[in-house]
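Close look at the chain arrangement
Spelled out from the first residue to the last, the chains are:
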Amino acid sequence: MVNAPTSASPAPRPSGSAAPRPAAPGPGRAGPRAGRFLVLAAVFVCAACGLVYELELVALASSLTGDSVTQASVVLSVMVFAMGVGSLLAKRLRCRAAVGFGVLEALLALIGGCSALLLYGAFAWLGGTRHALVAVSLVIGTLIGAEMPLLMTLIQRVSRCARQDAGGAVADLFAADYVGALVGGLAFPFLLLPWFGQLTTALATGAVNALAGAVLVLWLFGRELTARERWLLLSLNAAVLAVLAVAAALADDFERAARHAVYGAHVRVAVRTPVQEVVLTGRRDEPPDLYVDGRLRVDGDARHRHHPALVHPAMRGRRARVLVLGGGDGLTVREVLRYGDVRSVTVVEPDPVLVRLARTDPALARLNRYAYGDRRVRVESAEPFHWLRRAARDGTPYDVVLSDLPPPGPGAGATPYSLEFYGLAARVLAPDGRLAVHAGPLRERSRGYWTVEATLRAAGFTTRPYTVPGGAVADRSGGGGGAGAWSEAEAGRGAGAGGAVGADGASPGGPAGGFVLAVPGGAHRSGAPAPPVSPGLSGADVPSAAALEAGARLLEGARPRGLPPSTLTRPRYVP
């Protein structure tokens, strides 16, 4: 009987046969626990960077277009769809997960880091952001969506070495992803945006993104890469970081060139405040143009249109105490101070930087006739809605309330034109007081204008819609129907549609936007308030009585029926 051998030599491998495939590689220079920590740290950083890219696109597009709801909806929907596409495409890279993830992060860092530059450049030189926003969101979303399958493959390799079950590894990965998104979401508005601004924030985020991907792949999985793959990743990431560094160094020059393309060559002041972007153009010895978030707020060449039309019809009657909502440029206050019996003017403006600019800029201060230097003027830096809530509980009522806020729009732009807002305004208004609202353009957004008027009526006001053309001002003798008087045909065209929009929502040479004069329901039970200005007030920039009556009469006949009011929970204003 032959005993079985206690050990056997391996059988010789036949010549030409392939060597057995090695086991799946684990962490190279780090132990299993350290490798797992590095992968989770990379997941954390990538999630934070991805959310910063997303918020950056929403914030910049909203700033450039003034429509936060639409921009957020477009970015979120396109990116979520693209993330699904990216996850499917990543299946082809799982066999080379390490090098695939390294290349993916370099591309994401480049495109995400330059996304703000691309969007701002499209706005400045192509005239719009819609197509650029969709394209950039689609590419960034696809790359972000491809991250997760590759990271799950990498963490499973490390987890096998650390003897961790697959379910626990996936739970750790998602936990790191969600915490990273939380940190990125909070860091963007509170740290990155105030410190670096929009362009530099995106570029810095791209640099962090590239470094995180390169360190993870080259340090932890470098041994499974070929020499060619290592050089590819090193060269690609070095090139991406170099591009981002050069772009950061030239960001200020790029921003100045883009501003000149949008606003012209004479940009004197350009500042990003916590509330909005404020740009002042023109020479110091000429009337300035003021842009707020890319929209013309004050046109120095047409300064006798919007503010006199808003203020003077409401000043007929008692006017000792006047409240101005918005109007930080000081031009509404300028018109109010033309009345000597005004004792106090309270300006509620959410942006103190705009008020400071109106005080200190020589050209703008001359245009508002140094209104903020008057002792009767008091400025409150607050959101008008929240300020009205506090003022409605205590305080003396106002004789006149003037709403000189940006035109109504979706999202936050609908709040100061809501039923709740006008309900609060009614509580701070004296029983015989007047409320005048600049309700936006008549031509291309007539439905929005009439929704404002319907909302005022639903809040308990008796209303009188009116408008004035650019030339409808009284002659210097105070007459009501001089050569500049507005014809009824012009008034009818003002209530229609079409036409370019000027600083106040008006077309050049056409009506100066749409206004609504309102009184508490019990103050004029017999009819709507009359829009003509106070007797004895005259000047080249004062709307004539004939023009106001003609515009009010024709707008009254053009009022659509059955428009519902806009509320905080059901805003009715569309982009």
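A short tour of the structure in this document, coming up.

Parameters and conventions
- Residues numbered from 1 in each chain as written.
- Predicted model: local features only at pLDDT ≥ 70, side-chain atom pairs only at ≥ 80, totals over all residues.
- Heavy atoms only, no water.
- Core = buried A, V, L, I, M, F, W, Y, C linked by side-chain atoms within 4.5 Å.
- Buried < 20%, exposed > 50% of the residue type's maximum accessible area, 1.4 Å probe, protein only.
- Helix = DSSP H or I, 4+ residues; strand = E, 2+ residues; numbered from the N terminus.
- Contact = heavy atoms within 4.5 Å.
- Expected span 1.5 Å × (residues − 1).
- Phe/Tyr/Trp six-rings, centres within 6.5 Å; stacked < 30°, edge-to-face > 60°.
- Lys NZ or Arg CZ within 6 Å of the ring centre and 35° of its normal.
- Lys, Arg positive; Asp, Glu negative; His and termini not counted.
- Salt bridge = Lys/Arg side-chain N within 4 Å of Asp/Glu carboxyl O.
- Axes fitted to C-alpha atoms, helices over the stretch in contact; angles between N-to-C directions.
- Parallel < 35°, antiparallel > 145°, perpendicular 65-115°, else oblique.
- Nonpolar A, V, L, I, M, F, W, Y, C, P; charged D, E, K, R; others polar.

Turning our eyes to something else, we now look at the nonpolar core. Grouped together as the largest cluster of nonpolar side chains are 64 residues, with contacts concentrated most on V39, F101, I140, L216 and F221. Among the secondary structure elements, those contributing two or more residues to this core are α1 (32–65), α2 (68–89), α3 (97–113), α4 (115–126), α5 (130–161), α6 (166–220) and α7 (227–249). Top element by residues in this core is α5. It accounts for 13 residues. Among all residues touching F101, those that are not within four sequence positions of it are C46, E147, L150, L151, L154, G213, L216 and V217. In this structure, V342, L364, V377 and Y466 belong to the second largest nonpolar core, which totals 38 residues.

Let us look at helix α17 (residues 545–557). The end-to-end C-alpha distance of α17 is 19 Å, a good match for the 18 Å that 13 residues give at a rise of 1.5 Å each. For α17, the set of buried residues is A547, L548, A550, G551, A552 and L555.

Here we take up the packing of aromatic side chains. Counted by the stated rule, this structure contains 11 aromatic pairs. Between the aromatic rings of Y449 and W450, the centroid separation amounts to 5.0 Å while the plane-to-plane angle is 75 degrees, which identifies the pairing as edge-to-face. With respect to class, Y449 is no different from W450; both count as buried. Between Y466 and F515, the aromatic rings sit 5.4 Å apart at their centres with planes inclined by 20 degrees, giving stacked as the arrangement. A residue pair is termed long-range when its members are at least 10 positions apart, and Y466 in strand β10 (residues 461–466) and F515 in strand β11 (residues 515–520) qualify at 49 residues. On the basis of relative accessible area, F515 is assigned to the buried category, the value being 0%. Each residue in the set Y120, F123, W125 and F254 is aromatic and connected to the rest through ring pairs, giving one cluster. Here the basic side chain of R321 rests over the ring of Y398, its NZ or CZ set 4.2 Å away from the ring centre.

This part covers the side chain of D351. Note that D351 resides in the loop between β6 (344–348) and α11 (352–360). One buried charged side chain, D351, makes no salt bridge at all; its nearest oppositely charged neighbour is R356, positioned 7.2 Å away. Setting aside chain neighbours within four positions, we find D351 in contact with T273, V275, Q276 and V278.

This part is about the packing of α3 against α6. It is at 8 Å that the axes of α3 and α6 come closest, and there the two elements cross at 170 degrees. Comparing the axis directions of α3 and α6 gives the class roughly antiparallel. Here A98, F101, G102, E105, L108, A109, G112 and G113 of α3 come into contact with α6, specifically with A202, L203, G206, N209, A210, G213, L216 and V217. Its residues placed into classes, the contact of α3 with α6 shows nine nonpolar, six polar and one charged.

Right, let's talk about the pattern of salt bridges for a bit. The tally for this structure, following the rule as stated, stands at 18 salt bridges. Here R272 and D293 are joined by a salt bridge, their closest N and O atoms 3.9 Å apart. Taken as a pair, R272 in strand β1 (residues 267–272) and D293 in the loop between β3 (289–292) and β4 (295–298) lie far apart in primary sequence, 21 residues in all. Exposure remark for R272: the relative accessible area of 39% places this residue in the partly exposed category. Given a relative accessible area of 14%, D293 falls into the buried group. Between D341 and R319 there is a salt bridge; the shortest N-O distance is 2.9 Å. Residue D341 is located in the loop between α10 (331–336) and β6, and its partner R319 is located in the loop between α9 (306–311) and β5 (321–326); the two are separated by 22 residues in the primary sequence. Here D341 falls in the partly exposed class, since its relative accessible area comes to 42%. Looking at R319, the relative accessible area reads 16%, which means it is buried.

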